[in-house]
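Inside the fold
Next come the chains, spelled out residue by residue.
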Amino acid sequence: MDIDYVSTTCPYCGTGCGFNLVVRNGKVFDVGHWQRAPVNGGKLCPKGRYAHEFINSPDRLTKPLIKKDGTFVEATWDEAYNLIAEKFGSYKPAEMACLSSARTSNEENYLMQKFARAALKTPNIDHCARLCHSSTVAGLAAVFGSGAMTNSIKDIADSRCIFVLGSNTFEQHPLIARSIVRAKQNGAKVIVADPRYTPTARQADLYMPFVSGTDVAILNGLMQEIIRNGWEDKKFITHRTKDYEKLKEVVMKEAYSLENVSKISGIPAESLKQAAEWIATADVAALIYSMGITQHTTGVDNVKSTANLMMLTGNLGKPGSGVNPLRGQNNVQGACDMGALPNVYSGYQKVTDEETRKKMMEMWSVDDLAEGRVGYTVTEMINVLADKPGEIKAMYIMGENPMLSDPDLQHVEEALRNLEFLVVQDIFMTETGELADVVLPAACYAEKDGTQTNTERRVQRWRKAQDPPGEAKPDWQILCELAAKMGYEKQFTFESPEAVFNEVAAVTPSYHGMSYARLDPDGLHWPCPTAEHPGTAILHRETFAMPDGLGVFSPIEWKPAAEVPDAEYPFVLTTGRTIWQWHTGTMTRRSWSLEKEAPIGWIEINPEDAEELGIKDDEVVRASTRRGSVDIPAKVTDEIIKGVMFIPFHYKEHPANRLTHNALDPIAKIPEFKACAVKVEKIAEV
Ligand code: SF4
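A brief report on the enclosed structure follows. Every chain is numbered independently, its residues counted from 1 as its sequence is written. Under the rules for a predicted model, residues below a pLDDT of 70 receive no local features and side-chain atom pairs below 80 are neither given nor counted, while totals for whole chains, interfaces and linings still include all residues. The side-chain values count all of the structure's non-hydrogen atoms but skip hydrogen atoms and water molecules.

With that settled, the discussion passes to the overall build of the chain. In DSSP terms, a helix is any run of H or I states spanning at least four residues, a strand is any run of E spanning at least two, and both are numbered starting from the N terminus. On a plain count of helices and strands, the chain comes out with 25 helices and 28 strands. C-alpha atoms define the radius of gyration in this analysis, and the globule rule sets the expected value at 2.2 Å times the number of residues to the power 0.38. Against the 2.2 N^0.38 benchmark of 26 Å for 686 residues, the chain shows a C-alpha radius of gyration of 24 Å, consistent with a compact globule. Projecting the C-alpha coordinates of the chain onto the three principal axes gives extents of approximately 70 × 70 × 55 Å. Taking all 686 residues of the chain together, the buried fraction comes to 65%. By definition, residues are in contact when any of their heavy atoms lie within 4.5 Å. Contacts in the chain between residues far apart in sequence, at least 24 positions, make up 74% of those at least 6 positions apart. Roughly 23600 Å² of accessible area belongs to the chain as shown, and the carbon and sulfur atoms make up 49% of that amount. Counted as positive: Lys and Arg. Counted as negative: Asp and Glu, with His and the chain ends omitted from the count. Taken as the charge location is NZ of Lys, CZ of Arg, CG of Asp or CD of Glu. Averaged over its 74 positive side-chain charges, the chain has a centre that lies 3 Å from the centre of its 91 negative ones. For each residue, the accessible area found with a 1.4 Å probe, counting protein chains only, is set against the maximum for its type, and the residue is called buried under 20%, exposed over 50%, and partly exposed in between. Where accessible areas are quoted, they stem from the Shrake-Rupley method and a 1.4 Å probe; at the residue level, only the protein chains shown are allowed to cover.

What follows deals with a nonpolar patch on the surface. Patches here are clusters of residues that have more than 30% relative accessible area and form no salt bridge, with a 9 Å joining cutoff for like charges and a 5 Å cutoff for nonpolar side chains (Val, Leu, Ile, Met, Phe, Trp, Tyr). One speaks of a salt bridge when a side-chain nitrogen belonging to Lys or Arg is within 4 Å of a carboxyl oxygen belonging to Asp or Glu. A contiguous nonpolar patch, built from Ile 3, Tyr 5 and Phe 29 and spanning about 280 Å² of accessible area, is present on the exposed surface. Residue placement: Tyr 5 occurs in strand 1 (residues 3-9).

With eight of eleven residues buried, helix 5 (residues 134-144) lies mostly within the body of the structure. Buried within helix 5 we find Ser 134, Ser 135, Thr 136, Val 137, Gly 139, Leu 140, Val 143 and Phe 144. Two residues or fewer past helix 5, Gly 145 is found with a positive phi of approximately 90°.

Two rings belonging to Phe, Tyr or Trp (six-membered ring only in the last case) form a pair when the distance between their centres is within 6.5 Å. Interplanar angles under 30 degrees mark stacking, angles over 60 mark edge-to-face geometry, and anything in between is tilted. On inspection of all chains with the given rule, the structure shows 20 aromatic pairs. Ring centres 6.4 Å apart and planes at 85° place the aromatic pair Phe 236 and Phe 544 in the edge-to-face group. Placement of the pair is Phe 236 in helix 10 (residues 234-240) and Phe 544 in the loop between strand 21 (524-525) and strand 22 (551-552), with a sequence separation of 308 residues. Since its relative accessible area comes to 2%, Phe 544 is described here as buried. Judged by centre distance (5.4 Å) and plane angle (50°), the ring pair of Phe 501 and Tyr 516 falls under tilted.

A few words now on the pairing of strand 8 (residues 161-165). The side chains of a regular strand alternate between the sheet's two faces. Counting buried positions over the five residues of strand 8 gives five, a clear majority of the element. Judged by which residues are buried, strand 8 turns out to be covered on both faces: Cys 161, Phe 163 and Leu 165 on one side and Ile 162 and Val 164 on the other are all buried. Bridge count between strand 8 and strand 9 (residues 189-193): five bridges; the pairing is parallel. When the sheet's bridge partners are listed, Cys 161 is paired in strand 9 with Lys 189. DSSP bridges decide pairing: two strands pair if at least two such bridges lie between them. Relative to strand 12 (residues 285-289), strand 8 runs parallel, the two being bridged by five bridges. Directly across from Leu 165, in strand 12, lies its bridge partner Tyr 289.

Strands sit in the order 19-20-21 across an open sheet of three strands; the sheet is antiparallel. Edge positions in the open sheet fall to strand 19 (450-453) and strand 21, since each of these has one partner strand only. Bridging between strand 20 (residues 458-462) and strand 21 involves two bridges; their strand directions are antiparallel. Residue pairing across strands places Arg 458 opposite His 525, the latter belonging to strand 21.

Empty space among the atoms becomes visible once a probe the size of a water molecule is rolled across them. In this analysis, the protein atoms alone were mapped onto a 1 Å grid. Cavities are point sets where a 1.4 Å probe fits without being able to get out; pockets are open sets with protein on both sides within 12 Å along at least five of seven lines; lining residues have an atom within 4 Å of a point. Grid points are joined across faces, edges and corners, and a volume is the space filled by probe spheres set on the points. Computed from the structure, the largest pocket encloses a volume of approximately 1000 Å³. Forming the walls of the largest pocket are 39 residues, and the residues nearest its centre are Ala 141, Gly 145, Ser 146, Gly 147 and Tyr 348. Mapped by element, the contributors of at least two residues to the lining of the largest pocket are helix 5, helix 15 (299-312) and strand 15 (349-350). At five residues, helix 5 tops the list of elements feeding residues into the lining of the largest pocket. Residues are grouped as follows: Ala, Val, Leu, Ile, Met, Phe, Trp, Tyr, Cys and Pro are nonpolar; Asp, Glu, Lys and Arg are charged; every other residue, Gly included, is polar. Residues of the lining of the largest pocket, tallied by class, amount to 22 nonpolar, twelve polar and five charged. As annotated, the domain borders come from an automatic or database domain assignment. Two domains each put at least three residues into the lining of the largest pocket: domain 2 (65-131 + 330-525) and domain 3 (135-325). Residue lining of the second largest pocket: 25 residues in total, with Arg 196, Thr 578, Trp 602, Glu 604 and Lys 635 positioned closest to the centre. Breaking the lining of the second largest pocket down by element, the ones donating at least two residues are helix 8 (199-202) and strand 26 (628-636). Sorting elements by how many residues they give to the lining of the second largest pocket places strand 26 first, with three residues. For the lining of the second largest pocket, the per-class residue count stands at eleven nonpolar, four polar and ten charged.

A word on the site of the ligand. Whether a residue is near a molecule or strand is decided by its heavy atoms; if any one of them lies within 4 Å of it, the residue is near. Close contacts around the ligand come from Cys 10, Tyr 12, Cys 13, Thr 15, Gly 16, Cys 17, Leu 44, Cys 45, Gly 48, Pro 174 and Leu 175, and that covers them all. Its residues placed into classes, the shell around the ligand shows eight nonpolar, three polar and no charged.

Nine residue types can take part in a nonpolar core, namely buried Ala, Val, Leu, Ile, Met, Phe, Trp, Tyr and Cys, and a core is a set of them joined through side-chain atoms within 4.5 Å. One finds Phe 88, Leu 111, Phe 115, Tyr 396, Leu 440 and Met 514 to be the most contacted residues of the largest nonpolar core, which totals 58 residues. Sorting elements by how many residues they give to this core places helix 3 (residues 106-119) first, with seven residues. Beyond its immediate chain neighbours, meaning those up to four positions away, Phe 115 contacts Phe 88, Leu 120, Tyr 396, Leu 479, Leu 482, Ala 483, Met 486 and Phe 492. Core analysis: the second largest hydrophobic core is formed by 48 residues, Leu 222, Leu 309, Leu 312 and Phe 544 among them.

With that out of the way, let us pick up the packing of helix 9 (residues 215-228) against helix 13 (residues 269-281). The axes are straight lines fitted to the C-alpha atoms, using for helices just the contacting stretch, and the angles between their N-to-C directions are given from 0 to 180°. Contact geometry for helix 9 and helix 13: axes closest at 9 Å, N-to-C directions at 65°. Taken together, the axes of helix 9 and helix 13 are roughly perpendicular relative to one another. Regarding helix 9 and helix 13, the two cross each other, and that crossing is right-handed. Facing Ile 218, Leu 222, Glu 225 and Ile 226 of helix 9, the residues of helix 13 in contact are Leu 272, Lys 273, Ala 275, Ala 276, Ile 279 and Ala 280. Its residues assigned to classes, the contact of helix 9 with helix 13 shows eight nonpolar, no polar and two charged. Angle categories are assigned with fixed cut-offs, so that under 35 degrees is roughly parallel, over 145 is roughly antiparallel, 65 to 115 is roughly perpendicular, and the rest are oblique. Take the far helix as your reference; a near helix turned counterclockwise from it by less than a right angle gives a left-handed crossing, and one turned clockwise gives a right-handed crossing.

Bridging between strand 24 (residues 603-605) and strand 26 involves three bridges; their strand directions are parallel. Among the inter-strand pairings, Ile 605 is bridged to a residue of strand 26, identified as Val 636. Sheet analysis places strand 25 (residues 620-625) next to strand 26, joined by six bridges and oriented antiparallel. Bridged to Val 621 within strand 26 is Ile 632. Hairpin connection from strand 25 to strand 26: two residues lie between these consecutive antiparallel strands.

Here's what the structure looks like:
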């Protein structure tokens, strides 16, 4: 028996754990522990442990498909490429849009944005970071000059106080939670604020349940208490920041007294007081957040407020401190780094900067790059498709499934059906693929080389363990072949992902010093500007990445969610994930070890609310918002605060996003997944 062990990086969350794919006779059949893995030291959560199970699923796409008379018919690659090239060639650049993918490698994201900009000449390129952490990128860039996690995962263990806000770390980033456990074992205080009593909340020394959408009020209240007690870090404020007086003017308002914040958020004033004291007086404190903070119409405000708190207490630029957004998808950090965003090239170089555009045109040997215009975000693309039919006519979607992942699904379907031509490239047929004119079969993470960048900015390798099924090809190869069909062979001549990475390093300042050789064995944290540079685990040690080196305090007033409960829709609906499933379930729902643990969706209801509604545990109820209804089993539990309901968003049978609201943050254009108004009713017996 021929058994091989191929070390690679997990395709699920942004933690970036390493493991061995175990290969027998050329086929992956198991995941083995890789003790040397830099992030996780061989430990894995259930998703990583069973990350082999979907790879050889009989459902994998194996041939290109072209829709004829409403039915998919198998086609050759040449037929598919010729049709796509002909169609794309018939549209004006502004009539096309591309979605890249946080599930694919850095190299593939780089090529997708290059394909959009250099071959299609369209500025309309984005990906699902828009739906999870675009407010992090915008918010932290505005205050620190860099929109990424400031510290490393390992570093969290050195903290003396950890404030977890809007992150269920123990379920969603379990191997990062190990650092919280280590800190706790060393005596650190752990504060968790969440509307649900999650596995993370159970580890807290202080748990603060609160009404979703009140984060800015809570953070302002904590800052007022810190300033009132003189606990602010005066030296840090003086030497490292600006606009402190402007911040003070807002947070010291009566509106943010502990009593008022308690009324807004539902957190007892005593708890807020305790939290303020622990955060401000700890030797070093870290703040961890995730989509509970970002997925709001005030997402950027929320992010800036977390930064305000940590600057106020001097908790930046040193071990155990920092503002630490935990990124969702395995490579959402990398997809942003690679410029799969409508306003920047790789390394966050602005498309509107004429010098940068000239540099990119020269590097890519093209004479135009979408005229330096900022394109539409994915949320704007959907709105334009729905509201201005004909403005965008064709789309190319790689590895994304907006028909389940985006808010207000009925609206999304209406929008996508307005397209004249849709190409979907994926490893399985998805709800979005069903609407496509052409479906291209792609290789999964185990079937190609590449790199991905985890939440702590560590760039690590993927290694090919088996061949793709049937005629499926790696995304990077499909993009190069399609570009060649469209007349851009010279710009897309890459023989391997490593060759693509070398171009990434050449054009991206924060990746300049990286190469595949240097990524072994531990990866490298960006910024890594030169071939000798060791990488940067902790950002902002001496100065912030701003022209004057100073962090910027942002005075932020609390604003309620775009849609608040009323007499007709009296509860707040919030959504999230479970440890057993992943996003739209394309991979985990084909992993039997995971699927059997959580095969159906549910709605969590507080026992007092359930009693008032006459609802029993396990009863199927109807949850409705202004966008639609879902019939779904009730889970009556005191682990959710009264007045708030929760639905996991993985299940096509119980699609939470049929209910969610597509109101957007005005800057980041992220939708408000975490708070909308909902009603829940008994279903009348027939
Ligand atoms: Fe994979 Fe994330 Fe689990 Fe690590 S914590 S094994 S990266 S899903």
